[in-house]
Amino acid sequence: TNEDRTGLAAGTYTVTVTNSNGCTSAAASLHVLSGLTPDLSVAMSGSHHGSSLISGSPLTYTVTVSNQAGVCNASGLILDVLLPTGITYQSVTVTYVGLSGGSASVITNQGSLLNPRFGNFVIGPGGSVVLTLIAQVDCTALSGTYHASAQAYYFDPTRSINSSKYITPYPM
């Protein structure tokens, strides 16, 4: 007979197999992770995030996308940043932490100056990608308070319907 177990909670299980002749295998350990999907968080901070800015001044945003330990990779990850009108993207640097990476092309802006997108990152369990964005308040922008946001999209690990389907954990 065959026995399939589904819905197991995360943890370590002992498995033995008995064949049709009654022979039993040596016990083996089975490690069940907490799920089949990444568990991402996106955090954004800035040198003037949410503060009053002066026209023409530069500012720095730091966006960190982290994947929890004990889950699967987030692959094909795209970071989508939304800057407010009057603030334009200038440049970006990327730092990889732990089990994460990406090709040199990930720093190419795939979006616009107000909505820069960077991507094709892979973030493994316990890893993260830190992007440091340099932006500038346009000279024609009024002084005031500005707010930016960021969200991450990654390939649906099941890709059961569409192999290029992206999902996002939650928008900021």
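Up top is the structure these notes are about.
Just so we're clear, the structure is a prediction, and the values are computed from it rather than from any experiment.

Each helix and strand counted, the protein has zero helices and 13 strands in total. When the helices and strands of the protein are read in sequence order from the N terminus, they spell out β-β-β-β-β-β-β-β-β-β-β-β-β. Relative to its full complement of 172 residues, the protein shows a buried share of 31%. The long-range fraction of contacts in the protein, counting pairs at least 24 apart against all pairs at least 6 apart in sequence, stands at 69%. On the protein, roughly 9,700 Å² of surface is accessible, and the fraction owed to carbon and sulfur atoms is 55%.

With that settled, the discussion passes to the pattern of salt bridges. The tally for this structure, following the rule as stated, stands at one salt bridge. Ionic pairing is found between R117 and D80, a salt bridge with its closest N-O pair at 3.5 Å. Of this pair, R117 sits in strand β9 (residues 117-123) while D80 sits in strand β6 (residues 74-82), and the two are 37 residues apart along the sequence.

Phi at N120 is positive, roughly 75 degrees, even though this residue is not glycine. Take N120: it is sitting in strand β9. Exposure remark for N120: the relative accessible area of 45% places this residue in the partly exposed category.

The next point concerns the side chain of Q151. Within the secondary structure, Q151 sits in strand β12 (residues 149-155). Within polar-contact distance, the side chain of Q151 engages the side chain of Y153 at 2.5 Å.

Our next topic: the nonpolar core. A general trend in soluble globular proteins is that nonpolar side chains are found buried together. Ranked by size, the top nonpolar core spans 30 residues in total, and within it Y61, V65, L77, L83, I87, L131 and L133 carry the most contacts. Listing elements by their share of this core, those giving two or more residues are β3 (40-46), β5 (58-67), β6, β7 (87-97), β9, β10 (128-137) and β12. Looking at which element gives the most residues to this core, the answer is β10, with five residues. Those residues in contact with L131 that sit more than four places away from it in its chain are Y61, T62, V63, L79, V92, T93, V94, F118 and F121.

On to the sheet that holds β3, then. Across the sheet, which stays open at both edges, the four strands sit in the order β3-β5-β10-β7 with antiparallel pairing between neighbours. Edge positions in the sheet fall to β3 and β7, since each has one partner strand and no second. Ignoring which end each strand starts from, the neighbouring axes of this sheet average 20 degrees apart. With seven bridges connecting them, β3 and β5 associate as antiparallel partners. Among the inter-strand pairings, S41 is bridged to a residue of β5, identified as S66.

Rules and cut-offs
- Residues numbered from 1 in each chain as written.
- Predicted model: local features only at pLDDT ≥ 70, side-chain atom pairs only at ≥ 80, totals over all residues.
- Heavy atoms only, no water.
- Helix = DSSP H or I, 4+ residues; strand = E, 2+ residues; numbered from the N terminus.
- Buried < 20%, exposed > 50% of the residue type's maximum accessible area, 1.4 Å probe, protein only.
- Contact = heavy atoms within 4.5 Å.
- Areas by Shrake-Rupley, 256 points an atom, 1.4 Å probe, with all protein chains shown as cover.
- Salt bridge = Lys/Arg side-chain N within 4 Å of Asp/Glu carboxyl O.
- Polar contact = N/O pair within 3.5 Å; in protein donor to acceptor, adjacent residues only side chain to side chain.
- Core = buried A, V, L, I, M, F, W, Y, C linked by side-chain atoms within 4.5 Å.
- Pairing = 2+ DSSP bridges.
- Axes fitted to C-alpha atoms, helices over the stretch in contact; angles between N-to-C directions.

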